[in-house]
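# A structural walkthrough
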Amino acid sequence: MRIARLLGTVLGTTLLTTTAVLTVPAQADTGVAAREGVTLDRPALRDSLDAVHEAGMYGVFSSVRDGREWWTGASGQADVATGRPVTPDMRQRVGSISKTFTAVGIMQQVERGRVRLDAPVGDYLPDLIPGERGREITVRMLLNHTSGIGDYVLSAFPSLAKGSADSLEAERFRSVRPAELVRTGLAAPATGRPGAVPGSYSNTNYVIAGLLLEKVTGQNADAYLTRQVIDRAGLRHTYLPRTPYIKGPHPRMYESWFGLLDPARDFSVYDMSWASTAGSVVSTTDDLNRFYRSLLGGKLVGKASLDEMTRTVPVSGVDYGLGIYSLELRGCGRFWGHDGAVFGAGTIALSSRDGKRQMALAQNLMKYQELDENGRPKPHPIDDAIAAYVVRALCPDTPASGIDHSRLTKSFRFDQLSH
């Protein structure tokens, strides 16, 4: 299955999915609108979400907003053994969407004068990143993935490069310190010169950013992000976990790893210290919409900081800013957000720049694709179904046929690895 080649090509970027087909009827749950309106076609959204489940996704749930109108829905199963349905209010590990939270924390410190975006990271963390690297890599380069620092994920799960998923189970309850993750990433081959574009997505950058946040605030990064980002945004069901268990209602999270795990294995219980400030946040789709609405509306950082965050460079095939990327949907507009994945769970959240049109979607089956002879995931009906749903949610007046779904899917990086 040429897993090693796959990892060597795509290691470090976010969302990834998997395959399985259920024959049970789809479950759907619609929210009550804040006011009666016409811009959200609730039956169409429900049908489009059902189509994702019917294409093979175990369970999928989503929240959509248009101004003061909102809709939530769910389709499929949270537990394939019992048939328990997925519901729209479920918690989910949101993976690399965590990077936006961490970037907000850093930008708050920029506003306080404690951090300079274009200062060498070695000025703040000389023992962690000494020498030439510490002098050449800036804080900005960490946040927009142009540092050239490699990713630690493959080393954290070494069996994956050998075509085995044994590491995923072996590391389930292992607790690892952020500094250890950083040392592993720094020891990996550099992906380029500091500041060079296109950049290369690396989780190591955001673990370093978390340690930088701790250094300049004197606080634990999780505690700071909870008080100054999560609480300030008014998120009621979002947190950074302290144990391998998720609090509150949540689906089981099934990982197939391109067929190596058959049947797909449940990884809903997992120590997320391996993801640290790069990817350990737990949230709901409604909270994610609220978070990006608060951020883009200037409630978490000021206009100057938002301008910096939305200055993009090419990184691993997307236009990446500081902890947030943009996606252009032809005939519909530009949207901002992030996607993310952990073993068994994938999430994407996108918002218009004014925060009025929003969509967040979560799924509980990952890396369902088969691999081709080059070790790349083959297109799967789930990919097209998700892309069609995103278009329906964000671009109600744009025919689905007017969007290049293959390009859209690549923008979400469903075939790529990280969290």
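We now turn to the structure provided with this report. Predicted, not measured: the structure shown is a model, and the values here were computed from it.

### Things to note about the sheet that holds strand β2 (residues 69-76)
- One open sheet accounts for eight strands, arranged β2-β1-β12-β11-β10-β9-β8-β7; its pairing is antiparallel. Unpaired on one side and paired on the other, β2 and β7 (313-315) mark the two borders of the sheet. Neighbour-to-neighbour, the strand axes of this sheet turn through a mean angle of 25°, independent of strand direction.
- Sheet analysis places strand β11 (residues 345-352) next to strand β12 (residues 357-363), joined by six bridges and oriented antiparallel. What sits directly across from Thr347, in β12, is Ala362.

### Some words on the packing of aromatic side chains
- Inspection of every chain in the model, using the stated rule, returns eleven aromatic pairs.
- Judged by centre distance (5.0 Å) and plane angle (80°), the ring pair of Phe157 and Phe343 falls under edge-to-face. In this pair, Phe157 sits in the loop between α6 (153-156) and α7 (166-170) while Phe343 sits in the loop between β10 (333-342) and β11, placing the two residues 186 residues apart along the sequence.
- Among the aromatic residues, those joined into a ring-pair cluster are Phe157, Phe267, Tyr270, Trp274 and Phe343.
- In this structure, Lys247 is placed above the aromatic ring of Tyr239, and the distance from its NZ or CZ to the ring centre is 4.3 Å.

### A few points about the sheet that holds strand β4 (residues 254-255)
- An order of β5-β4-β13 is seen for the three strands of this open sheet, with the pairing classed as mixed. Looking at which strands have only one partner, the edges of the open sheet turn out to be β5 (265-266) and β13 (365-366).

### Some thoughts on the state of the cysteines
- According to the stated counting rule, one finds one disulfide in the structure shown.
- The side chain of Cys332 participates in a disulfide bridge whose partner is Cys395; the two sulfur atoms lie 2.1 Å from each other. Handedness of the Cys332-Cys395 disulfide follows from its S-S torsion of about -100°: it is left-handed. Highlighted residues: Cys332 in the loop between β9 (325-329) and β10 and Cys395 in the loop between α14 (381-394) and α15 (405-412), separated in sequence by 63 residues.
- For Cys332, a relative accessible area of 27% puts it in the partly exposed group.
- Judged by relative accessible area, which is 2%, Cys395 ranks as buried.

Parameters and conventions
Residues numbered from 1 in each chain as written. Predicted model: local features only at pLDDT ≥ 70, side-chain atom pairs only at ≥ 80, totals over all residues. Heavy atoms only, no water. Pairing = 2+ DSSP bridges. Helix = DSSP H or I, 4+ residues; strand = E, 2+ residues; numbered from the N terminus. Axes fitted to C-alpha atoms, helices over the stretch in contact; angles between N-to-C directions. Phe/Tyr/Trp six-rings, centres within 6.5 Å; stacked < 30°, edge-to-face > 60°. Lys NZ or Arg CZ within 6 Å of the ring centre and 35° of its normal. Disulfide = S-S within 2.5 Å. Buried < 20%, exposed > 50% of the residue type's maximum accessible area, 1.4 Å probe, protein only.

Everything listed here is a matter of geometry and, on its own, says nothing about what the molecule does.
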